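# Structural overview for review
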Amino acid sequence: MTDKLGLPVGTTLDRFIMRKQEDFPYATGELSQLLRDIALAAKIVNREINRAGLLDVTGAYGQQNVQGEDQQKLDVIANIRFIRALRNGGEVCTIISEEEDEAIQTGNTKGKYIVAIDPLDGSSNIDVNVSIGTIFSIYRRVSEQGSDGTMDDCLQTGTKQVGAGYIIYGSSTMLVYTTGNGVNGFTYDMTLGEFFLSHPNIFTPATGKIYSVNEGSYNSFPEGVKQYVNYCRDNEYSARYIGSLVGDFHRNLMKGGIYIYPSTAKAPNGKLRLMYECNALAFIVEQAGGKATNGSQRIMDMVPTALHQRCPLFIGSPEMVDKAEEFLKAEVEVN
Ligand code: AHM
Ligand code: MG
């Protein structure tokens, strides 16, 4: 099995990134280096996650451990690790993170790139040994190099992403990413400390039989979403929802399915964030032949107005997303 470049399964991530770069004669190698920085931080975070139960890093931030030291929650640790790796790398001028209120200037004013990151998604699963993930998007800055990144650099539409990916810390750890030329997945070999190409050229099935939505909130779903969920039930689809977006998304990407986080009474704009979660996964799913919308509009066309903006998300196999949208459209027409 090979990827689009003919690289065989078992190729290391480093070699893979290098080969991709060779295909662009004018590439400076900065994006390649940035991806390596992310992979390095992922290895470190993976190590912390694997030892979580032993390290007093689970539980709420602000608590103290038995030695009276401040505990750091794993998502705070992950945030620190990724920011440090990106700052040390030098290619990124500005980072926006789900864990930070404001944009972080790295001080690398010559850096060409902006990174948007959810360092550790699936907070409710962190303490209980269920799959969690990191999600990232990479943008090219629009302002001149030589100063800090601006709000315009940070608030670009999803179509401007030059790269996006996620790391899933699950039964094995995988890094899946795209730079706009297909999606490839790499599995981490802990004994060698390397990611190896294991899932070249990922394509998602056009349709599937898995739906992932928090049905506990069913009563406050919009009518169209209720009807789509009823349609899934009537057709005996499998409900699969672990409450870790990366885990639910990854399963559906591989097997065919739809993930939905609609607007609810508690979360009128949905819960997920456009810049840290939705755009990256939308880019990946589209590159894999899938679809991502907010119910009526393509996620990657949404114009962001705030760093922490939320939006509903319908993502996965294209025919399933289309079907869900049909129900939503019918609801709008009735009203
Ligand atoms: P987080 O960024 O605080 O971790 O929240 C995002 C997570 C997603 O991973 C998951 O799909 C969703 O929240 C689950 O939310 P809910 O418990 O409302 O179903
Ligand atoms: Mg999150």
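Values in this document were obtained by computation on a predicted structure and should not be read as measured data. (Residues numbered from 1 in each chain as written. Chains lettered and ligands numbered in written order. Predicted model: local features only at pLDDT ≥ 70, side-chain atom pairs only at ≥ 80, totals over all residues. Heavy atoms only, no water.)

On to helix 4 (residues 74-89), then. For helix 4, with 16 residues, the first-to-last C-alpha span of 22 Å sits near the 22 Å given by 1.5 Å per residue. Buried within helix 4 we find Leu74, Asp75, Val76, Ile77, Ala78, Asn79, Phe82, Ile83, Ala85 and Leu86. Positive backbone phi, at 90 degrees, marks Gly90, one or two positions downstream of helix 4. (Helix = DSSP H or I, 4+ residues; strand = E, 2+ residues; numbered from the N terminus. Expected span 1.5 Å × (residues − 1). Buried < 20%, exposed > 50% of the residue type's maximum accessible area, 1.4 Å probe, protein only.)

Scanning all chains against the criterion turns up eleven aromatic pairs. Measuring from centroid to centroid gives 6.3 Å for Phe16 and Tyr177, while their planes differ by 85 degrees, and the two rings are edge-to-face. Separated by 161 residues along the polypeptide, Phe16 in helix 1 (residues 13-22) and Tyr177 in strand 6 (residues 173-178) bring together distant segments of the chain. Overall, Phe16 belongs to the buried group, its relative accessible area being 1%. Under the relative-accessibility criterion, Tyr177 is labelled buried at 4%. Their ring planes at 90 degrees and their centres at 5.7 Å tell us that Tyr166 and Phe249 sit as a pair that is edge-to-face. (Phe/Tyr/Trp six-rings, centres within 6.5 Å; stacked < 30°, edge-to-face > 60°.)

With that settled, the discussion passes to the domain arrangement of the chain. The domains assigned to the chain are domain 1 (13-199) and domain 2 (210-334). Computed over C-alpha atoms, the centres of domain 1 and domain 2 are 24 Å apart. The partner domain 2 presents 31 residues to the 47 residues of domain 1 that form the contact. Three residues, Ile135, Leu155 and Tyr166, lead the burial of domain 1 against domain 2; their summed loss comes to 22% of the area buried on that side. Linking domain 1 with domain 2 are zero salt bridges, by the criterion used here. For the interface between domain 1 and domain 2, the tally reads 13 residue pairs in polar contact (both at pLDDT 80 or more). Of all elements in the fold, only strand 1 (92-97), strand 3 (113-121), strand 4 (132-140), helix 5 (151-154), strand 5 (161-169) and strand 6 reach the threshold of two or more residues within the side of domain 1 that touches domain 2. Residue contributions to the side of domain 1 that touches domain 2 peak at eight residues, all from strand 5. (Domains from an automatic or database assignment. Contact = heavy atoms within 4.5 Å. Buried area = accessible area lost by both parts, 1.4 Å probe. Salt bridge = Lys/Arg side-chain N within 4 Å of Asp/Glu carboxyl O. Polar contact = N/O pair within 3.5 Å; in protein donor to acceptor, adjacent residues only side chain to side chain.)

The buried count for helix 8 (residues 274-287) comes to twelve of 14 residues, which makes it a mostly enclosed element. When we look at burial in helix 8, the residues that qualify are Leu274, Met275, Tyr276, Glu277, Cys278, Asn279, Ala280, Leu281, Ala282, Phe283, Ile284 and Val285. Of the residues one or two after helix 8, Gly289 is the one with positive phi, at around 90 degrees.

Turning our attention to the sheet that holds strand 9 (residues 210-212). The strands that make up a sheet pair up through hydrogen bonds in the backbone, lying either parallel or antiparallel. Read across the sheet, five strands follow the order 10-9-11-13-12 without closing on themselves; strand pairing throughout is mixed. Of all the strands in the sheet, just strand 10 (238-239) and strand 12 (291-293) have a single pairing partner and so form its edges. Relative to strand 10, strand 9 runs parallel, the two sharing two bridges. Looking at strand 10, one finds that Ile210 is bridged to Ser238. Across the sheet, helix 7 (residues 245-255) is in contact with strand 9, strand 11 (258-261) and strand 13 (313-316); its angle to strand 9 comes to roughly 160 degrees. (Pairing = 2+ DSSP bridges. Axes fitted to C-alpha atoms, helices over the stretch in contact; angles between N-to-C directions.)

The subject of this paragraph is the pairing of strand 6. Burial within strand 6 is extensive, with six of its six residues counted as buried. Side chains Thr173, Leu175 and Tyr177 project from strand 6 onto one buried face, and the interleaved Met174, Val176 and Thr178 project onto a second face that is buried too. Taken together, the six bridges between strand 5 and strand 6 define a ladder with antiparallel strand orientation. By the bridge assignment, Ala164 is partnered in strand 6 with Thr178. For strand 6 and strand 7 (residues 183-189), the ladder comprises five bridges, and the chain directions are antiparallel. Looking across to strand 7, one finds that Val176 is bridged to Gly185. Where strand 6 folds back on strand 7, the antiparallel hairpin that results is connected by four residues, among which Gly180 adopts a positive phi of roughly 95 degrees.

Another point: the side chain of Thr11. Looking at where Thr11 falls in the secondary structure, it is placed in the segment before helix 1. Aside from chain neighbours lying at most four places away, what touches Thr11 is Phe16, Phe195, Phe196 and Leu197.

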